[in-house]
Each structure stands twice: as structure tokens, then as C-alpha cells.
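# Close look at the chain arrangement
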Amino acid sequence: MRTQVGIIGAGPAGLMLSHLLHLRGIESIIIESRTREEIEGTIRAGVLEQGTVDLMNETGVGGRMMREGHFHHGIELRFNGRGHRIDVHELTEGKRVTVYAQHEVIKDLIDARLKAGGEIVFHVGEVSLHDLDTSSPKIRFRTNKNGECQELRCDFIAGCDGFHGPSRPSIPGRVRKEYQKRYPFGWLGILIEAPPSSPELIYANHERGFALVSTRSPEIQRMYLQVDPQDDIANWSDDRIWFELHERLSTRDGWTLIEGPIIQKNIVAMRSFVCEPMQYGRLFLAGDAAHIVPPTGAKGLNLAVADVQVLARALDAFYKSGKTEWLERYSETCLRRVWKAERFSWYMTSMLHRHHDHSPLERQLQLAELEYVTSSRAAATSLAENYVGLPMEW
Ligand code: RFL
Ligand code: PHB
């Protein structure tokens, strides 16, 4: 097999890259370790930045998102039993975020790629990368997990295979620097069948821990609770989850949380992680393969989409005019945005979660930060411009 750009991973990064390359007349093949059903059914992100939404619309894959997504003009920060609205729309001169599930974005992109004749090889196994420092890198894999061995020869490889994929470890250790922080808490996420409890997302800081009220549709809601990352989901009965949500979200004005059947629950750990550089020879990492943010800032999918915009533009310049400068600067260009998103995600995480090692003084400082950000227009503007997404820097 041969193609111009071999893409490993059919997550938001890999699929969007393949779509953007196709629009520029550049061929790609995606290989993916899971089945189509699995990737279309995995519940993850929900919040899309203005720039991600604009890109989906400009490239013809935003139709269903505009019909079924929900546009949010503000968020609520809740602490000490009171809610404080941050008017994101007003503070950013008209920007907003869109709540539209990641697996719906995935479905729309797969649909667009297949309709345009694109090739996605699902359910592959034993993926390995070769000859990255030559002009003809290769990806080897087995079809159907342990079937026939295949070799995909290409001009470039895009490693879009998430945090646990084989691309990042293929960069020799001597050229790779990794920065990492693991948080001492995780998120227990649930999907419920109920109408929305709030028209906007609620991020709550409470003595018992963080809670988040998000949404998916008029009938399905998404909520999260701060828990021990090692905790077993079997320890969390539905009653215990509802008890914690009620406690952590309670307000002095009697706001009510609408309950409904819990149709899915799981626990995810949280970390901040960056790999520098994001490229080696003809291999370019994008999305979670290169960096992870804790989900409190809702940035992971959006960063993946920003990376592949930079990569698609650089590959386009290479194929149109032989220019290599943008490819050479890929990592440097992406990392400027990545580190700002890392900072914002760490800031939101630190401000909103309960840190059990905090002294009483540190707890008061955290509450003072919340008081400040919800009462100062300058501080709220900074939060808002990061939440809707910083402008692309090329
Ligand atoms: P993905 O989505 O992990 O996709 C990688 C793909 O690569 C495949 N793969 C392989 N394929 C071939 N060979 C191999 N050896 C392979 N190994 C792996 C995988 O099967 C997979 O299909 O990475 P990508 O594309 O970089 O996208 C990143 C996003 O998925 C991630 O950052 C977000 O989900 C993070 N995130 C959020 N991001 C937002 O922008 N807004 C949000 O509101 C938001 N909420 C969240 C989140 C992540 C969460 N979790 C689960 C940590 C909420 C949560 C709870
Ligand atoms: C979600 O709806 O899944 C969601 C919303 C906001 C976040 C993270 C996840 O910060």
C-alpha cells in the first residue's frame, strides 16, 4: 500500500487531518486499532471552541452540529452555595462554545471521509513505525487485529493515536522531553436520561469535591464528580452518585437537580502531559499523542483540531511548492498554543477541585481566587477568552 500521508488513529485529530488534506488534494490513509462501532460509541468530550465549530462549518462537516448542537453564551461557577455567571459571549465580543458530543463529531467526519472515497482501515493490530528519518517512512500493521501483515509506505506519518499509541514512543528517547503531572483525583462521569437541570454548564467547587453539570441533548445529560482516581466504579451505586451530586451542587436559593436513570458511568484519571518536540524526521504527532490536559478546561479535542490545522497547512505548502519551513516549525508553532491550553486547564483544575492536602490557608486562597474571577471583569475576561479558545497563531 502507498499513500502521501499515513495517519495512525481515527480520533478527532486523525479524521480531521485526513479531511483537511483531502480538501487540499492530498491523499491519506487512516489506520485505526478499534472498530468503527467502538469509536463511534465512546463517550468523551462535549465542548467545542468557537474555532473548532468555525472550521467544521467552513469545511462542510458542520451541518448536523448546527442542527443538533447547543450554543452556550455563558458558564456558571458555583461555590459557597451560590452561583456566579461568567458571560462568555459578552466578554469575548460575541464568541460562544457549542456542546456537541465528540462521538457525533467522529460520526460526521467518518461519514464525510467515506463519502469522498477516503480509506480508513479499522480494527488493525501490531502497528509499528519504520524509517522515520528517511524520505520514505513506513507503517506496518496486521489487518483484523492478527490477520495479514501489511506495509503502508508514505511520504509522511501523522501520529494521531492518542496517549497510549505507538507513535510517540517511536521518537528516540534522546530527542524527546516529556513533562508530566498526575492529579490526585479523577472524574466519575455519568450519562442520564432526564431533561437539563440548567441551561448552561455549572462548575461547582464544594468542600466534598468538584462537580460539573453538562448536557448532551434535551433528553440526555452529562455530569461529573471528583473522586479518587483509583476508586472502583462498583463502589458508586446510583444512590451514592445522586447523594454526592445533590450535596455538592446545593445552593442557598433552592436550585434543584433533576434526576433520571443513569445509563452509563465510568471513572477517568487526570493528568497534564506534554511531549517536546512533537515531530521527528517525517513523523508528526498531533492531539493526545503529544499532549494531555485535565478535562476541566474542555480543551483536549480542541487542541487536537488546532494541531492538525497547522499540519495540514504545512503539508499543503510542501506539496504545492516544496517549502519545508512550515513543516520544520510545526512543533514550535503548535507548542505555543499547547502550553497556553495546559496552563488554562491546570488553572481551572486547581481552582475548582478540592485538594485534600491543602492547608486551611490554601483553601481560603482558592475561595479568594473564585471570588476574584467572578467579581473582576478583567479576571473574568481572561477566563472567558481561554474558554472559547485563543486565536490560532501560525
Ligand atoms: P483520541 O481521541 O484518543 O484518538 C486516538 C485514536 O487512535 C487509536 N489508536 C490506534 N490506532 C491505530 N494503531 C494503534 N496502535 C492505536 N492506538 C490507539 C485509538 O483507538 C483512537 O481512536 O485522540 P485525539 O484524536 O488526539 O483526540 C483527543 C480527544 O479525544 C481528547 O483530547 C478529548 O476527549 C479530551 N476531552 C475534552 N476535550 C475537549 O476539547 N472538550 C471537552 O469537553 C472534553 N471533555 C475530554 C472531556 C476527555 C475526557 N476523558 C475521557 C479523559 C471529558 C473527558 C471525561
Ligand atoms: C462534557 O460535557 O463532557 C464536558 C463539559 C465540560 C468540561 C469537560 C467535559 O470541562
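Remember, predicted model here, so these are calculated numbers, not experimental data. (Residues numbered from 1 in each chain as written. Chains lettered and ligands numbered in written order. Predicted model: local features only at pLDDT ≥ 70, side-chain atom pairs only at ≥ 80, totals over all residues. Heavy atoms only, no water.)

### Describing the overall build of the protein chain
Short version of the rule: Elements are defined by DSSP. Helices are runs of H or I of four residues or more, strands are runs of E of two residues or more, and each kind is numbered from the N terminus. For each residue, the accessible area found with a 1.4 Å probe, counting protein chains only, is set against the maximum for its type, and the residue is called buried under 20%, exposed over 50%, and partly exposed in between. Two residues form a contact once any of their heavy atoms are found within 4.5 Å. Computed with a 1.4 Å probe, the accessible areas rest on the Shrake-Rupley method; for each residue, only the protein chains presented here act as cover. The convention is simple: Lys and Arg are positive, Asp and Glu are negative, and His and the chain ends are not counted. We put the charge of a Lys on NZ, of an Arg on CZ, of an Asp on CG and of a Glu on CD.
If you tally the helices and strands in the protein chain, you get 12 helices and 20 strands. Taken along its principal axes, the extent of the C-alpha atoms in the protein chain is 65 × 40 × 40 Å. Residues counted as buried form 55% of the 394 residues belonging to the protein chain. Contacts in the protein chain between residues far apart in sequence, at least 24 positions, make up 72% of those at least 6 positions apart. Taken as a whole, the protein chain presents about 16700 Å² of accessible surface, with 49% of it coming from carbon and sulfur. Of note, the protein chain has its 47 positive side-chain charges centred 3 Å away from the centre of its 52 negative side-chain charges.

### Regarding the site of ligand 2
Let me state the cut-off plainly: A single heavy atom is enough: if one lies within 4 Å of a molecule or strand, its residue is considered near that molecule or strand. Any pair of N or O atoms that falls within 3.5 Å is considered a polar contact. Within protein, one atom must be able to donate a hydrogen and the other to accept it, and sequence-neighbouring residues count only if both atoms are side-chain atoms. Gly is put with the polar residues, along with every residue not named as nonpolar or charged; the nonpolar set is Ala, Val, Leu, Ile, Met, Phe, Trp, Tyr, Cys and Pro, and the charged set is Asp, Glu, Lys and Arg.
In the region of ligand 2, 14 residues are neighbours, and Tyr203, Ser214, Arg216, Tyr224 and Pro295 sit closest. Between ligand 2 and Tyr224 there is a distance of 2.6 Å, counted from an oxygen atom to a side-chain nitrogen or oxygen. At 3.3 Å from an oxygen atom of ligand 2 is found a main-chain nitrogen or oxygen belonging to Thr296. Burial of ligand 2 by the protein chains amounts to 97% of its free accessible area of 280 Å². For the shell around ligand 2, the class distribution of residues is 8 nonpolar, 3 polar and 3 charged.

### Quick word on the pairing of strand β5 (residues 75-79)
What counts, and what does not: A pair of strands is considered paired only if DSSP assigns at least 2 bridges between the two.
Within β5, 5 of the 5 residues are buried, which leaves it mostly tucked inside the rest of the structure. Direction of pairing for β5 relative to strand β6 (residues 82-86): antiparallel, over a ladder of 5 bridges. Counted as the bridge partner of Arg78 is Gly83 from β6. Where β5 lies against strand β14 (residues 201-204), 4 bridges are found, and the strand directions are parallel. Paired with Ile75 across the strands is Leu201, a residue of β14.

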